[in-house]
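Coordinate inspection notes
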Amino acid sequence: MALSKVTAAIAEIPSSVKLIGGTVVAGAVLITVLKKLRFWQTERKEYPPDTIVICQMGRGPYVPSLTPFAIKLETYLRLEGIPYEVEHNLLRKSKKTGKVPFLLYNGEEVCDSEFILEFLSKAKQFDLHKCLTSEQIAIGRAFQKMAEENTYWCFVADRWILDKTKTGLKELGLPRFLWWKMQRTIKGMIHAQGIGRHTPEEINYIMSEDLKAISDFIGTKKFLFGDKACKFDCAIFGILAEIRWASFGGFGTSVIKNYPNLCDYCERMKNTFWPDWNEKIQRDCTK
Amino acid sequence: MLPQSCQYANLFDTIRSVGPVCDLLQHGAVQGNGCASRPPCGCEGCRRGRSHRGSSDRCVERISVSPNYQIGRGPYVPSLTPFAIKLETYLRLEGIPYEVVHSWSRRSTRTGKVPFLEYNGEEIPDSEFILEFLSKEKNFDMHKGLTKEQIGVGKAFQRMAEEKTYWCFVADRWVLDETNGIWKSFNVSPFLARLMKRGTRKRLYNNGILRHTPEEIRHIMSEDLKALSYYLGSKKFLFGDKACKFDCAIFGILAEIRWASFGGFGTSVIKEYPNLCDYCERMKDTFWPDWDNYKERDGTK
């Protein structure tokens, strides 16, 4: 009875008022949900001054982050012994670039892993390329850019688009009805970059050739330039760790296994700089 | 032994001798793909009804390069796509005769891009896959004389230039240049240029480079060129006195930055590295003694 009175009353309200009211209610519900998901993190955590805070998308599975650039940053800070904090939020992205990871330092936001490292090298007074010759810096940059600008897109295409089992999407925990949206966005990105214009076999081949170049250069050395790791090792490790352990159902893992010295290199970097690796991942598949 | 530049003069005579209208096609003055006066030779391309150029007893590989038909080559460089310069430079380095077809609208049916290769009626896109195909077809070793480590380093520099520096100069030339230099060069009206820049801007945002500010893009380009400059040092080419495939790839990118940045910052950035400017001149003089025939306007000073 009461319900029928309510519905009758609602039916009498003019359409325009119903429309405005419905929009306001829907907006309020959406804002509440997003706040619950910490999208806007209005209650930000306070850090002491000069604290390095890396904002990234969350740990694991299988690797400390699903973005290789966060692994690169954290590995380098561990290499240099610089303390840092990590904030995890799947939805929060840099306001400038819309990507992760980004740095929060004394209230300032710095995005892009390269610019973050350059910023920190000035703020914390350390030399990013200490003990490297000019030629080594040049070679290191070339390998880093090859890994981050070419090999990276091969494994993005492999993990999120070409993998017919869609294991990556399942592992990410996204609702199924959002999978097509995410894949559409990524397809647009890889098409614009160029790798998406190739066939899966060609992408496999391109990834393999890049890994071969890194493998041939490292050879039997412990790291890129000998017995001591440098910033470029951290960058390359970020990419290789994703391919080695987080290809999910894609071909990345089988491709990198063709280069045993790269698999050994990944284990060496993990054991040297991530002795707490198993605490930083959701599941163990590092065998 | 002839100096390298004279060897290429002989090669160009070979190219011109392949067909009677070679000169017209090279200057981009003839639209379309073929020499109608030459009888079909029975290859796949002829059977498919495409106009085809070739001698009566052999097919000639054609590289389809597509700048705007109305412009043909250049301006300032033999092609506005560095991957066509890379291909042609490498074929000149190896002494392999080739022809170039200019077409306003023709793109690879597989990737939608240029350049692509047509060989006996088969289409192969992507400059790297073209070179690998030709290396098997024509039995040459793309990396002869190089150690495994040099091949690794060369590939890394090539990838850096083609996958990072390339996007920096694309953003610079087509979007960030406020003088609209390249658009004016094509006689595109300011209104149409603004519209087309919007589409390009969206593509470059998806690619990632345009998420950075113009100053950051300039810095990234400068750091990449610095790495190349440090590695090259005082050497003539990447790995000593003899050029290789990786030099051709890098030259393609550097030539665009050096001579075809139009109103963008590319030219001023590369001038900070004099050894790279000298390297561009050296590659041009060695492999393109006929450079002036293949560009519309002289901006090489």
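Residues numbered from 1 in each chain as written. Chains lettered and ligands numbered in written order. Predicted model: local features only at pLDDT ≥ 70, side-chain atom pairs only at ≥ 80, totals over all residues. Heavy atoms only, no water.

Side note on the overall build of chain A
On a plain count of helices and strands, chain A comes out with 11 helices and 4 strands. When the backbone C-alpha atoms are referred to their principal axes, chain A occupies close to 80 × 50 × 35 Å. Per-residue burial over chain A gives 53% buried out of 287 residues. For chain A, contacts bridging at least 24 residues in sequence account for 71% of all contacts bridging at least 6. For chain A, the computed accessible surface area is about 13800 Å², with 59% contributed by carbon and sulfur atoms. Chain A carries 41 positive and 33 negative side-chain charges, and their two centres are separated by 7 Å. (Helix = DSSP H or I, 4+ residues; strand = E, 2+ residues; numbered from the N terminus. Buried < 20%, exposed > 50% of the residue type's maximum accessible area, 1.4 Å probe, protein only. Contact = heavy atoms within 4.5 Å. Areas by Shrake-Rupley, 256 points an atom, 1.4 Å probe, with all protein chains shown as cover. Lys, Arg positive; Asp, Glu negative; His and termini not counted. Charge placed at Lys NZ, Arg CZ, Asp CG, Glu CD.)

Considerations on the overall build of chain B
Broken down by element type, chain B carries 12 helices and 4 strands. A total of 301 residues make up chain B; the buried ones form 60% of that total. Within chain B, residue pairs in contact and separated by at least 24 positions form 71% of the contacts whose partners lie at least 6 positions apart. Total accessible area on chain B stands at roughly 12700 Å², and carbon and sulfur atoms take up 50% of it.

Some remarks on the state of the cysteines
In a disulfide, the sulfur atoms of two cysteines are held together by a covalent bond. Residue and element names in this part refer to chain A. For the structure on display, the rule yields 0 disulfides over all chains. C55 takes part in no disulfide bond, and the closest cysteine sulfur to it belongs to C111, at a distance of 11 Å. C234 carries a free sulfur, and the closest cysteine sulfur to it, the one in C230, is 7.3 Å from it. Taking relative accessible area as the criterion, C234 reaches 0% and is therefore assigned buried. (Disulfide = S-S within 2.5 Å.)

As for the packing of aromatic side chains
Throughout the structure, instances matching the rule amount to 25 aromatic pairs over all chains. Where Y76(A) meets F126(A), the ring centres are 5.9 Å apart and the plane angle is 45°; that geometry is what we call tilted. Placement of Y76(A) in helix α3 (residues 68-80) and of F126(A) in the loop between α4 (113-123) and α5 (134-162) is noted, with a sequence separation of 50 residues between them. Pair check on accessibility: Y76(A) and F126(A) agree, each one buried. With centroids separated by 5.8 Å and ring planes inclined at 50°, the aromatic side chains of Y90(B) and F140(B) adopt a geometry described as tilted. Note that Y90(B) is positioned in helix α4 (residues 82-94) and F140(B) in the loop between α5 (127-137) and α6 (148-176), a separation of 50 residues in sequence. (Phe/Tyr/Trp six-rings, centres within 6.5 Å; stacked < 30°, edge-to-face > 60°.)

Some details on the interface of chain B and chain A
The interface is formed by 33 residues belonging to chain B together with 34 residues belonging to chain A. Contact between chain B and chain A buries roughly 3200 Å² in total, counting both sides, with carbon and sulfur atoms accounting for 61%. Seen at the junction of chain B and chain A, the total is 4 salt bridges. For D224(B), the salt bridge goes to R141(A), with nearest N and O atoms at 2.8 Å. Seen at the junction of chain B and chain A, the total is 11 residue pairs in polar contact (both at pLDDT 80 or more). At the level of elements, α5, α6, α8 (190-207) and α9 (214-232) of chain B are the ones that each hand at least two residues to the side of chain B that touches chain A. For the side of chain B that touches chain A, the element with the highest residue contribution is α6(B), accounting for 12 residues. (Buried area = accessible area lost by both parts, 1.4 Å probe. Salt bridge = Lys/Arg side-chain N within 4 Å of Asp/Glu carboxyl O. Polar contact = N/O pair within 3.5 Å; in protein donor to acceptor, adjacent residues only side chain to side chain.)

Thoughts on the confidence of the model for chain B
Residues and elements named next belong to chain B. Mean pLDDT for chain B: 77, with 73% of residues reaching 70 or above. The low-confidence segment residues 1-61 (pLDDT under 50) makes 104 contacts with residues lying over four places distant or belonging to another chain. What the predictor reports for the complex is a pTM of 0.82 with an ipTM of 0.85. (pLDDT = per-residue confidence, 0-100.)

Brief notes about a nonpolar patch on the surface
Residues and elements named next belong to chain A. Residues L3, V6, I10, I13 and V17 make up a contiguous nonpolar surface patch of about 440 Å² in total accessible area. Tracing the backbone through its elements, the reader meets L3 in helix α1 (residues 2-12). The exposure class of L3 is exposed, given its relative accessible area of 64%. (Patch = residues over 30% accessible without salt bridge, like charges linked within 9 Å, V, L, I, M, F, W, Y side chains within 5 Å.)

Examining helix α9 (residues 231-245) of chain A
Under the 1.5 Å per step criterion, the end-to-end length of α9(A) is 21 Å for 15 residues, consistent within 8% with the ideal 21 Å. Taking burial as the measure, the 15 residues of α9(A) include 15 buried ones, the bulk of the element. (Expected span 1.5 Å × (residues − 1).)

Some words on the sheet that holds strand β2 (residues 85-88) of chain A
All names here are of chain A. Strand order in this open sheet of 4 strands is β2-β1-β3-β4, and the pairing throughout is mixed. If you trace the sheet from one side to the other, it starts and ends with β2 and β4 (108-111), each paired once. Across the sheet, the mean angle separating the axes of adjacent strands is 25° when strand polarity is ignored. Running at roughly 160° to strand β1 (residues 53-56), α3 makes contact with β1 and β2 of the sheet. (Pairing = 2+ DSSP bridges. Axes fitted to C-alpha atoms, helices over the stretch in contact; angles between N-to-C directions.)

Observations concerning the pattern of salt bridges
Residue and element names in this part refer to chain A. Under the criterion given, the structure shown has 25 salt bridges over all chains. A salt bridge links E242 to R159, with the shortest nitrogen-to-oxygen separation between them at 2.9 Å. On the criterion of sequence distance, the pair formed by E242 in helix α9 and R159 in helix α5 is long-range, its members being 83 residues apart. There is no split in this pair, since E242 and R159 are both buried. The salt bridge involving K280 is made with D276; its shortest N-O contact spans 4.0 Å. Since its relative accessible area comes to 24%, K280 is described here as partly exposed.

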